[in-house]
Amino acid sequence: MRATITVMVLGISLGILGCVDNDVTFFVEHVKVQPEAPQCSTSAGDDFAPSGLIDLAVANSLFNYYYVTNAAMLREDYDNIRAETDGIMVEGMEVYVESTTGGLVGGTEYFDFAHYIPPETSEIMAGYSIPQSVVDNLANEAACPRIDSYNDPEEIAALALQSPRAWPPQWESDTGTVYSVVRFLGHTQGGRKVETEEFSFMVKTCCNCLVDWSPCVTQCGTFCESHEEVDICSIGVANSGGTVIDCRSLGYGRTSVWQSVDSSGNTITMTCDDCTEPSS
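Because the structure is predicted, anything quoted here is derived from the model rather than measured. (Residues numbered from 1 in each chain as written. Predicted model: local features only at pLDDT ≥ 70, side-chain atom pairs only at ≥ 80, totals over all residues. Heavy atoms only, no water.)

All right, on to the pattern of salt bridges then. Across all of its chains, the model carries three salt bridges by this definition. Across the salt bridge formed by D86 and R192, the nearest N and O atoms sit 3.0 Å from each other. You can see D86 sitting in the loop between β5 (82-84) and β6 (88-99) and its partner R192 sitting in the loop between β9 (173-188) and β10 (193-195), a full 106 residues away along the chain. Judged by its relative accessible area of 2%, D86 falls in the buried class. Residue R192 is classed as partly exposed on the basis of its relative accessible area of 25%. (Salt bridge = Lys/Arg side-chain N within 4 Å of Asp/Glu carboxyl O. Helix = DSSP H or I, 4+ residues; strand = E, 2+ residues; numbered from the N terminus. Buried < 20%, exposed > 50% of the residue type's maximum accessible area, 1.4 Å probe, protein only.)

Looking now at the state of the cysteines. Tallied over the full model, the rule gives four disulfides. In this model C40 forms its disulfide with C233; the gap between the sulfur atoms is 2.1 Å. Across the S-S bond of C40 and C233 the torsion is about -95 degrees, and the bridge reads as left-handed. Taken as a pair, C40 in the loop between β1 (26-31) and β2 (51-55) and C233 in the loop between α5 (219-224) and β13 (237-238) lie far apart in primary sequence, 193 residues in all. (Disulfide = S-S within 2.5 Å.)

This next bit is on the packing of aromatic side chains. Scanning the entire structure with this criterion turns up six aromatic pairs. Taking 5.7 Å as the distance between ring centres and 75 degrees as the angle between the ring planes, the aromatic pair formed by Y66 and F184 counts as edge-to-face. With Y66 in strand β3 (residues 62-70) and F184 in strand β9, this pair connects stretches of sequence that are 118 residues apart. For Y66, a relative accessible area of 0% translates into the label buried. On the basis of an interplanar angle of 35 degrees and a centroid distance of 4.7 Å, the ring pair of F111 and Y128 is categorised as tilted. Of the two residues, F111 sits in strand β7 (residues 109-117) while Y128 sits in strand β8 (residues 121-130), which places them 17 residues apart along the sequence. (Phe/Tyr/Trp six-rings, centres within 6.5 Å; stacked < 30°, edge-to-face > 60°.)

Take a look at the structure:
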């Protein structure tokens, strides 16, 4: 009799656990490594990334590729001649960024999705880890001046003259670590609402660590010298080490006009025609 009661209690416990099985059957396994140019594509067989790296000076946001699993099995009810698939319709994702002290950087943001994951299947879900608004907040907190006007020499030149920045702006620094926390939400084809548990991804931040400023020793060199372009999928984003962007990519590409200071301390307007350095 005692053994029978034990089995009944165990059965009830399993039934209760079954009501919240989405915690273990719908989850984020890992983040894929950032894709490489020129394909800029990600596949299920790619390696996972233990952490990320973002340059607050030039990155617009951190966009990652999450490997999400729906481990639910097909459920069948032979007595009622009914079968219910546990395919999941992913409708959205929530993301927020947390500091190492536990404080939030900005608020929680929600992004819509329309993606189907069949039962017992894993899919790659592309989504934000650090949205643009949070990148701006982190840059402001770290006093890292943003360079967000690519291929606009006039604006880059204006930034170069802003105090206390000197030209060239070689102020590379490590600005700390944050945690991106995401979860995906949706419902099964049987109508049950499901969501993944929160998934944390460590992201190291820096200021100008993914920009090579060595060729930009003068404004003439920056705005007027040609260089070999490097294909980059996401400027200022990497998993480890990273692809460094040539500083001339930030200001090269069209006829430039900028303000400079001559030997007497006077502000003068310059173009590439005024440069005495030979163009390469």
